[in-house]
Amino acid sequence: DKSWMHMPEALSKNFIAYNAKFLGSTEVEQPKGTEIVRDAVRKLKFARHIKKSEGQKTPKVELQISIYGVKILEPKTKEVLHNCQLHRISFCADDKTDKRIFTFICKDSESNKHLCYVFDSEKCAEEITLTIGQAFDLAYRKFLESGGKDVETRKQIATLQKRAGSVTPKSPSTDIFDMVPFTSLPSESATPTRNGTQLPPVPNRSTEIKKDLFGAEPFDPFCCAVDDYTPDIQSKLDEMQEGFKMGLTMEGTVFCLDPVENRI
């Protein structure tokens, strides 16, 4: 941890921003490997040289690095061009022969293809690489501390619940007079009335779930309560678990904590 450059709060509660030129991205066959990224850098440098000869400038971008991922934005409008989640980034390296160039490999969320992103960072390549490594380390720790370490446990609970669903429920227990004990809690069908007129049920605000503009429930991998594991969220957690287990390779060093199974 002594090699990390930023306070953990800077990446967990905010983000670290860098300016760079974006040479582009290209598909690669493997999620890791120095030769893989070296070939990708050569390919994109050549393509950029051709475009430059045609009068096209290399676009400038802003990188926002946090525990939620690496965002690539248009610096003026702040439009998000690419959003690379950390558990999908498997390799990150800076070019030792050119201090400006750095690159990372990320698995695309839609096509599941591995894409290599290449940047010209004005001699900040090594710092940006270390920042991505620190963010990956913090994100994995936080993932385990929140919902991540319960992934396998929840699968076991789901299996037990399925088995329990086939068991006939017992009738309510009775007292010594063979009577069902009285409870003051109203039944689900009971609703208040006024002058014989049934009133509409009062909504329970504690159970209301905030939704986005499209009516979808936002997914936060670091805020997964016990009752939030719908099948869709469960699949996302499984994917994150597998991504973090692969680790992040930086200059031949694997930045990965203990296997998830050992932390459950």
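Structure first, text after, so check above.
Residues numbered from 1 in each chain as written. Predicted model: local features only at pLDDT ≥ 70, side-chain atom pairs only at ≥ 80, totals over all residues. Heavy atoms only, no water.

**So, the overall build of the chain**
And step 1. Scanning the chain for helices and strands turns up six helices and eleven strands.
And step 2. Within the span of the chain, comprising 264 residues, buried residues form 34% of the whole.
And step 3. Surface summary for the chain: the accessible area is close to 17500 Å², and the carbon and sulfur share equals 53%. (Helix = DSSP H or I, 4+ residues; strand = E, 2+ residues; numbered from the N terminus. Buried < 20%, exposed > 50% of the residue type's maximum accessible area, 1.4 Å probe, protein only. Areas by Shrake-Rupley, 256 points an atom, 1.4 Å probe, with all protein chains shown as cover.)

**Points about the nonpolar core**
And step 1. The biggest cluster of nonpolar side chains holds 37 residues, and the ones touching the most others in it are F104, Y117, F119 and I132.
And step 2. Here this core takes ten residues from helix α3 (residues 125-145), the largest share from any one element.
And step 3. Setting aside residues up to four positions removed in sequence, I132 forms contacts with I65, V70, L86, C92, F102, F104 and L248. (Core = buried A, V, L, I, M, F, W, Y, C linked by side-chain atoms within 4.5 Å. Contact = heavy atoms within 4.5 Å.)

**What about the state of the cysteines?**
And step 1. A full pass over the atoms with the stated rule returns zero disulfides.
And step 2. With no disulfide of its own, C84 has C106 as its nearest cysteine by sulfur position, at a separation of 4.1 Å.
And step 3. Judged by relative accessible area, C84 falls into the buried class, the value being 2%. (Disulfide = S-S within 2.5 Å.)

**Some words on the environment of L115**
And step 1. Tracing the sequence through the fold places L115 in strand β7 (residues 114-120).
And step 2. L115 sits in the buried class, given a relative accessible area of 18%.
And step 3. As for L115 and F104, which are separated by eleven residues in sequence, their C-alpha atoms are 8.3 Å apart.
And step 4. If sequence neighbours within four positions are ignored, L115 has contacts with T26, E27, F104, I105, C106 and D108.

**A short note on helix α2 (residues 34-53)**
And step 1. With 20 residues, α2 extends 29 Å between its outermost C-alpha atoms, agreeing within 8% with the 28 Å of an ideal straight helix rising 1.5 Å per residue.
And step 2. All buried positions along α2 are accounted for by V37, A40, V41, L44 and R48. Projected onto a plane normal to the axis of α2, the buried residues spread over an arc of 105 degrees and lie on a single side. Exposed side of α2, more than 90 degrees from the buried face: K43, F46, H49 and S53 are the residues found there.
And step 3. Turning to α2, the residues buried within the fold contact β1 (16-28), β5 (89-94), β6 (101-107) and β7.
And step 4. Of the residues one or two after α2, G55 is the one with positive phi, at around 95 degrees. (Expected span 1.5 Å × (residues − 1). Arc of directions from axis to C-beta.)

**Observations regarding unusual backbone geometry**
And step 1. For K78, which is not a glycine, the phi torsion comes out positive at approximately 65 degrees.
And step 2. Among the secondary structure elements, K78 is positioned in the loop between β3 (69-73) and β4 (80-84).

**So, α3**
And step 1. Here α3 is 21 residues long and its end C-alpha atoms lie 31 Å apart, about the 30 Å a rise of 1.5 Å per residue gives.
And step 2. For α3, the buried fraction is high: 15 of the 21 residues fall into the buried class.

**Topic: the pairing of β6**
And step 1. With six of seven residues buried, β6 is to be regarded as a mostly interior element.
And step 2. Strand direction decides the pairing type here: β5 and β6, joined by five bridges, are antiparallel. If you follow D94 over to β6, its bridge partner there is F102.
And step 3. The pairing of β6 with β7 spans seven bridges and is classified as antiparallel. (Pairing = 2+ DSSP bridges.)

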